[in-house]
Amino acid sequence: MSLETEANNNRNSVVIDMIEPMTGPVTPKNVNAVIFVSLYLLLLAFFIFLHSISVMQEDRVRTVLGSVQVAFNGLSRDTPADRQKKLSGEEQGTQAFHAKLKNVFETAVPLVEAHTSRDGTRLQFSVPLRQLFAYRSLELRETLDSFINEVAATLISRNGNVATDLEILIGTGVALPAVDDVANDIAALRASYLAATLMDRGVPSRNLSIGMAAGDAGLVNFSFFLRSSLEHQFRPEASKK
């Protein structure tokens, strides 16, 4: 055999040894490591899922806890504990009434904003129109039937102890409609519908007032307040001369 042939044979053997063999027994793998990593990833995904649920439901949990506190203590969760001890019976009743209303509105209507007056006697909720009415519709969304029932029941129960009124104002945007157009104006018709619906649920008409206000376009303001007197709530028109 020549030297050149021998050199070629040695080169081929080196190349064949360096590549992966096409036949022969399968090299065993570490199965335990694969199982461990798979279980670890499953547990990680499970805890991420639990965390995401807890974050999404955090506001609803606070609402539920607030309603439980109202049921047992009769006080609002927004009032510090040291001040709750100094509240009179009437103030505690107002706190419980406001807490109940907040629970009703925040549970049923998304994106609602609540504002309380400085003296704590007036509570206002600003609700987007689209949350109450469908586009150009004069009737409430079907899902809000229980919401209206609870608002009416809470107001009726409150008036059994203290005279409390509800004012409903719908924002009309830049300007109010002309007097001749009020009868067919959608904002006026929606305000009338809300009042009629509450009266159908038993709320006395004397505890309701409705209106329209320039500005706050796309919002309905529900204001609950103590009636200061039994006088008529509207200012009489000046007599024509």
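Residues numbered from 1 in each chain as written. Predicted model: local features only at pLDDT ≥ 70, side-chain atom pairs only at ≥ 80, totals over all residues. Heavy atoms only, no water.

1. Some words on the pattern of salt bridges
Side chains that carry opposite charge are capable of pairing whenever their charged atoms lie near each other.
Then, number 1: If you walk through the whole model with that rule in mind, you get two salt bridges.
Then, number 2: Among the ionic pairs, E167 bridges to R122, the shortest N-O distance being 3.0 Å. One end of the pair, E167, is in strand β3 (residues 164-171); the other, R122, is in strand β2 (residues 122-128), with 45 residues separating them in the sequence.
Then, number 3: The class for E167 is partly exposed, based on a relative accessible area of 22%.
Then, number 4: A residue is classified by how much of its surface remains accessible, and R122, at 29% relative accessible area, is partly exposed. (Salt bridge = Lys/Arg side-chain N within 4 Å of Asp/Glu carboxyl O. Helix = DSSP H or I, 4+ residues; strand = E, 2+ residues; numbered from the N terminus. Buried < 20%, exposed > 50% of the residue type's maximum accessible area, 1.4 Å probe, protein only.)

2. What to know about a nonpolar patch on the surface
Then, number 1: Taken together, the side chains of F36, V37, Y40, L41, L44 and I48 define a hydrophobic patch exposed on the protein surface, amounting to about 630 Å² of accessible area.
Then, number 2: Looking at the element boundaries, I48 is found in helix α2 (residues 31-56).
Then, number 3: Since its relative accessible area comes to 52%, I48 is described here as exposed. (Patch = residues over 30% accessible without salt bridge, like charges linked within 9 Å, V, L, I, M, F, W, Y side chains within 5 Å. Areas by Shrake-Rupley, 256 points an atom, 1.4 Å probe, with all protein chains shown as cover.)

3. Observations regarding unusual backbone geometry
Among all residues save glycine, negative phi is the norm, and among peptide bonds the norm is trans.
Then, number 1: Of note in this structure, L111 is not a glycine but carries a positive phi near 65°.
Then, number 2: The backbone of R136 shows a phi angle near 60°, a positive value even though the residue is not glycine.
Then, number 3: Along the chain, R136 turns up in the loop between α6 (129-132) and α7 (145-159).
Then, number 4: Given the relative accessible area of 56%, R136 is considered exposed.

4. A word on the pairing of strand β1 (residues 113-116)
Then, number 1: As judged from the four bridges shared by β1 and β2, these two strands associate in the antiparallel manner. Looking across to β2, one finds that E113 is bridged to S126.
Then, number 2: Connecting the antiparallel pair β1 and β2 is a turn made up of five residues, with G120 showing a positive phi of about 80°. (Pairing = 2+ DSSP bridges.)

5. Structural notes on the packing of aromatic side chains
Then, number 1: Counted according to the given criterion, the structure contains eight aromatic pairs.
Then, number 2: Geometrically, the ring pair formed by F125 and F224 is edge-to-face, given 6.2 Å between the ring centres and 80° between the ring planes. Linking F125 in strand β2 with F224 in strand β5 (residues 219-226), this pair joins segments that are 99 residues apart in sequence. Accessibility classification places F125 together with F224 in one group, the buried group. (Phe/Tyr/Trp six-rings, centres within 6.5 Å; stacked < 30°, edge-to-face > 60°.)

6. A short note on the side chain of N207
Then, number 1: In this fold, N207 is placed in the loop between α8 (186-200) and β4 (208-213).
Then, number 2: Separated by 3.0 Å, the side chains of N207 and D165 make a polar contact.
Then, number 3: Leaving out residues up to four positions away in the same chain, N207 has contacts with N159, T164, D165, L166 and R227. (Polar contact = N/O pair within 3.5 Å; in protein donor to acceptor, adjacent residues only side chain to side chain. Contact = heavy atoms within 4.5 Å.)

7. Considering the confidence of the model for the chain
Then, number 1: Confidence in the prediction for the chain averages 75 pLDDT; 65% of positions are at 70 or higher.
Then, number 2: The model gives residues 70-75 a pLDDT under 50, and that stretch makes eleven contacts with residues more than four places away or in other chains.
Then, number 3: This model gives residues 232-241 a pLDDT under 50, and the stretch forms four contacts once residues within four places in sequence are excluded. (pLDDT = per-residue confidence, 0-100.)

8. What about α8?
Then, number 1: Relative to the 21 Å expected for 15 residues at 1.5 Å per residue, α8 spans 21 Å between its end C-alpha atoms, a close match to the ideal helical length.
Then, number 2: Within the sequence span of α8, burial applies to I186, A187, A188, R190, A191, L194, A195, T197 and L198.
Then, number 3: Lining the buried residues of α8 we find α6, α7, β3, β4 and β5.
Then, number 4: You can read the cap of α8 off the contacts: a side-chain oxygen lies 3.0 Å from the backbone nitrogen of A187, and it is on D185.
Then, number 5: Phi for G202, located one or two positions after α8, is positive at around 110°. (Expected span 1.5 Å × (residues − 1).)

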